[in-house]
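Geometric and topological summary
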Amino acid sequence: MTTLTVRRAIQAPAAVTFAIFNDLQVFEKRNPTVLKVEILSEATSGVGKRWRETRLMHGRQATETMEITAFDPPRSYTVEAESCGARYVTVLSFREDDDGTEVEFRMSAQPLTLMAKAMSAILAPIMTESVRKAIEEDLRILGEAAEEAAAGGGEETGMDRP
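Residues numbered from 1 in each chain as written. Predicted model: local features only at pLDDT ≥ 70, side-chain atom pairs only at ≥ 80, totals over all residues. Heavy atoms only, no water.

1. Re the overall build of the protein chain
Going by this rule: Think of it this way: any DSSP run of H or I at least four residues long counts as a helix, any run of E at least two long counts as a strand, and we number them from the N terminus. Only protein chains enter the calculation, and the probe is 1.4 Å; a residue is then buried if its accessible area is under 20% of its type maximum, exposed if over 50%, and partly exposed in between. We call two residues in contact whenever any of their non-hydrogen atoms come within 4.5 Å of each other. Note on areas: Shrake-Rupley with a 1.4 Å probe; residue coverage comes only from the protein chains shown.
When helices and strands are counted, the protein chain shows three helices and seven strands. Along the protein chain, helices (α) and strands (β) appear in the sequence β-α-α-β-β-β-β-β-β-α when read from the amino end. In the protein chain, which comprises 162 residues, the share counted as buried stands at 37%. Taking the intrachain contacts of the protein chain between residues at least 6 apart in sequence as the baseline, contacts between residues at least 24 apart amount to 53%. If you sum the accessible surface of the protein chain, you get close to 9000 Å²; carbon and sulfur atoms cover 52% of it.

Here it is, written out as structure tokens:
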């Protein structure tokens, strides 16, 4: 299993940061690599929220279906997906301190098929760096949105919408 951890300090309270990170409309609107987000579940927040996300990765469109499987606002949530013969589990943790919130994005990938295991052994070092850069950019974009919201000029979040 491969695990990748990326952290970012954000100058906003944990509740605001958590809400922005959970608002897929903010993510779709602000991230130029995200082409489309479709909610697939009746749940629009919390455990059971499922969506299909299409984004540009390595110059090509990639579409993944994801689901929130654990939800503990404003401390953490877990997103799971299966794709290309692997299971992905991502835990986002939000730790507030005097300077704002530290967000930790920890993603693990477990190959499930023989082909995925073989490809993982060959491509893991190359893909890990590429995925790290994408995650860092996602955290930057969402962090800026959270900081703007905390300052009073940012996005409304959809966290409380029915």
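Having put the structure on the table, let's press on.
2. A word on the sheet that holds strand E1 (residues 2-10)
Sheets are built from strands that pair by backbone hydrogen bonding, the pairs being arranged parallel or antiparallel. Cut-off, in case you're wondering: Should DSSP find at least two bridges between two strands, the strands are taken to pair. Interaxial angle, 0 to 180 degrees, is taken between N-to-C directions of lines fitted to C-alpha atoms, where a helix line uses only the stretch in contact.
The sheet built from seven strands is open, its strands ordered E1-E7-E6-E5-E4-E3-E2 with antiparallel pairing. A strand with exactly one partner marks an edge of an open sheet, and here the two such strands are E1 and strand E2 (34-39). In this sheet, adjacent strand axes meet at a mean angle of 20° when their direction is disregarded. Judged from the five bridges that link them, E2 and strand E3 (residues 50-57) form a sheet pairing that is antiparallel. Looking at the pairing, Val37 lines up with Glu53 of E3. Docked against the sheet, helix H1 (residues 14-22) engages E1, strand E4 (60-72), strand E5 (76-83), strand E6 (86-97) and strand E7 (100-111), running at close to 155° with respect to E6.

3. Some thoughts on the packing of aromatic side chains
For clarity, the cut-off: For Phe, Tyr and Trp, rings pair up if their centres lie within 6.5 Å, where Trp contributes its six-membered ring, and each pair is then called stacked (planes under 30 degrees apart), edge-to-face (over 60) or tilted (otherwise).
Per the counting criterion, the structure on display carries six aromatic pairs. Seen from their ring centres, Phe18 and Phe94 are 5.1 Å apart, and the 70° between their planes marks the pair as edge-to-face. Within this pair, whereas Phe18 is found in helix H1, its partner Phe94 is found in strand E6, the two being separated by 76 residues in sequence. In this structure Phe18 comes out as buried when scored by relative accessible area, which is 2%. The class of Phe94 is buried, set by a relative accessible area of 6%.

4. Here's the deal with the confidence of the model for the protein chain
Inclusion rule: Confidence of the predictor at the level of single residues is captured by pLDDT, which takes values from 0 to 100.
Put simply, the protein chain has an average pLDDT of 88, and 89% of its residues get 70 or more. Looking across the protein chain, the model is least confident in helix H3 (residues 114-150), with a mean pLDDT of 84, and most confident in H1, with 96. Under a pLDDT of 50 for its full length, residues 158-162 has, in the predicted model, eleven contacts with residues more than four places off or in other chains.

5. Observations concerning the environment of Ser93
Residue placement: Ser93 occurs in strand E6. If near-sequence neighbours (up to four positions away) are discounted, Ser93 is found in contact with Arg75, Ser76, Glu102, Val103 and Glu104.

6. Focus on unusual backbone geometry
Most peptide bonds adopt trans geometry, and most residues besides glycine take a negative phi value. For the peptide bond that leads from Pro73 to Pro74, omega is -10°, which places it in the cis range. By the secondary structure assignment, Pro74 is in the loop between E4 and E5.

7. Notes on the pairing of E6
Bridge analysis of E5 against E6 gives eight bridges, and the strand direction is antiparallel. Residue pairing across strands places Thr78 opposite Val91, the latter belonging to E6. In this antiparallel pair of consecutive strands, E5 and E6, the connection spans two residues, and Cys84 shows a positive phi of 50°. What sits between the antiparallel neighbours E6 and E7 is a turn of two residues.

8. Notes on the side chain of Arg55
The line we're drawing: Whenever two N or O atoms come within 3.5 Å, that pair is a polar contact, provided that in protein one can donate a hydrogen and the other can accept it, and provided that, for residues adjacent in sequence, both atoms are side-chain atoms.
If you trace the backbone, Arg55 turns up in strand E3. Only 3.0 Å separates the side chain of Arg55 from the side chain of Glu53, close enough to count as a polar contact. When residues no more than four places from it in sequence are discounted, the contact partners of Arg55 are Phe27, Asn31, Thr33, Val34, Leu35, Arg60, Gln61, Ala62 and Asp138.

9. Overview of the nonpolar core
Keep this limit in mind: We define the nonpolar core as a collection of buried residues of types Ala, Val, Leu, Ile, Met, Phe, Trp, Tyr and Cys that are connected through side-chain atoms lying within 4.5 Å of one another.
In terms of nonpolar packing, the biggest core is built from 29 residues, with Phe21 and Tyr77 touching the most fellow members. By residue number, the principal contributor to this core is H3, which donates six residues.

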